[in-house]
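Results of the structural survey
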Amino acid sequence: WLNNGPYHAKYISAEYTESGRKCSRVLASLAPEMNFFDCFFDYHSTPLSEVIPSSGTGLVFTNFSIEQIPLLRNGFIDELAELPGVYEVMHLEPVAWQLTDLGFSNPCGRESDDDFIKYMKACELENHRRLFNLNLGEMLRGAISRDKIVMDEDFSTQVSCASSVFNPGARLIWSPKR
């Protein structure tokens, strides 16, 4: 919002914990003219239609939150893609090791680098050990194959650092196919 986001847009913070909602309210209070709303959200059970407005268009953004959900519920990506107001979705999530699930054979320009391949395998094993997300890539691939979404392949392979060396993030951008 402070960096040229739409001024009159509704900004929604959908958080699982009360402390997360409180933090978002404190941050939003620094810009009282912002059209801000916070609400409870649980990836396992909250219908997306209860969080995302049915009118207007918007961007859905996740940031290291899907990481905490070992297995997204069946139909989650399809449900999100079918909401009429969703224009684009951006996930900044520590799932770089899942990029090959999306058919990115060379996600970091290093496919022939044996050390990098071993590193991605170590990341996958660490995510299994810590019960971090294991199926975002698979869910996106399924939605692509069902013709529900289109992946922005030009900007969806950026790998970034994270708080844990075995949990590198990826930027995944997609749009509903309408």
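Residues numbered from 1 in each chain as written. Predicted model: local features only at pLDDT ≥ 70, side-chain atom pairs only at ≥ 80, totals over all residues. Heavy atoms only, no water.

Section: the overall build of the protein
A count of helical and extended segments in the protein gives four helices and seven strands. Written out in order from the N terminus, the α and β elements of the protein read β-α-β-β-α-β-α-α-β-β-β. For 178 residues, the compact-globule estimate of 2.2 N^0.38 gives 16 Å, and the C-alpha radius of gyration of the protein, at 17 Å, lies within 12% of that figure. Referenced to the eigenvectors of the C-alpha coordinate spread, the extents of the protein come out at roughly 50 × 35 × 30 Å. (Helix = DSSP H or I, 4+ residues; strand = E, 2+ residues; numbered from the N terminus. Rg over C-alpha atoms; globule rule 2.2 N^0.38 Å.)

Focus on the nonpolar core
Among the nonpolar cores identified, the biggest contains 36 residues, and Leu72, Phe76, Ile77, Leu80, Leu136, Leu140 and Trp174 are the most heavily contacted of them. For this core, the secondary structure elements donating two or more residues are helix H2 (76-82), strand E4 (86-93), helix H3 (114-130), helix H4 (136-145), strand E5 (149-151) and strand E7 (169-176). Not counting residues up to four positions away in its chain, the partners in contact with Phe76 are Phe41, Tyr43, Leu48 and Met139. (Core = buried A, V, L, I, M, F, W, Y, C linked by side-chain atoms within 4.5 Å. Buried < 20%, exposed > 50% of the residue type's maximum accessible area, 1.4 Å probe, protein only. Contact = heavy atoms within 4.5 Å.)

Quick word on the pattern of salt bridges
For the structure on display, the rule yields 10 salt bridges. With a shortest N-O distance of 2.7 Å, Glu82 and Lys148 are connected by a salt bridge. Note that Glu82 is positioned in helix H2 and Lys148 in the loop between H4 and E5, a separation of 66 residues in sequence. Using a relative accessible area of 26% as the deciding quantity, one classes Lys148 as partly exposed. A salt bridge links Asp147 to Lys177, with the shortest nitrogen-to-oxygen separation between them at 2.7 Å. Here the residue Asp147 occupies a position in the loop between H4 and E5, and Lys177 occupies one in the segment after E7, the gap between them amounting to 30 residues. Accessibility expressed as a relative area gives 46% for Asp147, which makes it partly exposed. With relative accessibility at 44%, the residue Lys177 sits in the partly exposed group. Taken together, the shared-partner salt bridges in this structure form one network comprising Glu18, Arg21, Arg25 and Asp38. (Salt bridge = Lys/Arg side-chain N within 4 Å of Asp/Glu carboxyl O.)

Quick notes on the side chain of Asn135
Within the secondary structure, Asn135 sits in the loop between H3 and H4. Of the residues examined, Asn135 reaches a relative accessible area of 6% and is grouped as buried. Engagement of the side chain of Asn135 in a polar contact is seen with the backbone nitrogen of Leu72, the distance being 2.9 Å. The contacts of Asn135, once residues within four sequence positions are left out, are Pro70, Leu71, Leu72 and Gln98. (Polar contact = N/O pair within 3.5 Å; in protein donor to acceptor, adjacent residues only side chain to side chain.)

A look at the packing of aromatic side chains
Each aromatic ring pair is summarised here by two numbers: the centre-to-centre distance and the angle between the ring planes. Applying the stated rule across the entire model yields four aromatic pairs. Centroid distance Tyr16 to Phe40: 5.7 Å. Interplanar angle 40 degrees. Geometry classified as tilted. One end of the pair, Tyr16, is in the loop between strand E1 (10-15) and helix H1 (18-29); the other, Phe40, is in strand E2 (residues 35-40), with 24 residues separating them in the sequence. On the accessibility criterion, Tyr16 (52% relative accessible area) is exposed. Among the residues examined, Phe40 registers a relative accessible area of 42% and is labelled partly exposed. An angle of 55 degrees between the planes, with centres 5.5 Å apart, marks the rings of Tyr43 and Phe76 as tilted. With Tyr43 in the loop between E2 and strand E3 (58-63) and Phe76 in helix H2, this residue pair connects regions lying 33 residues apart in the sequence. (Phe/Tyr/Trp six-rings, centres within 6.5 Å; stacked < 30°, edge-to-face > 60°.)

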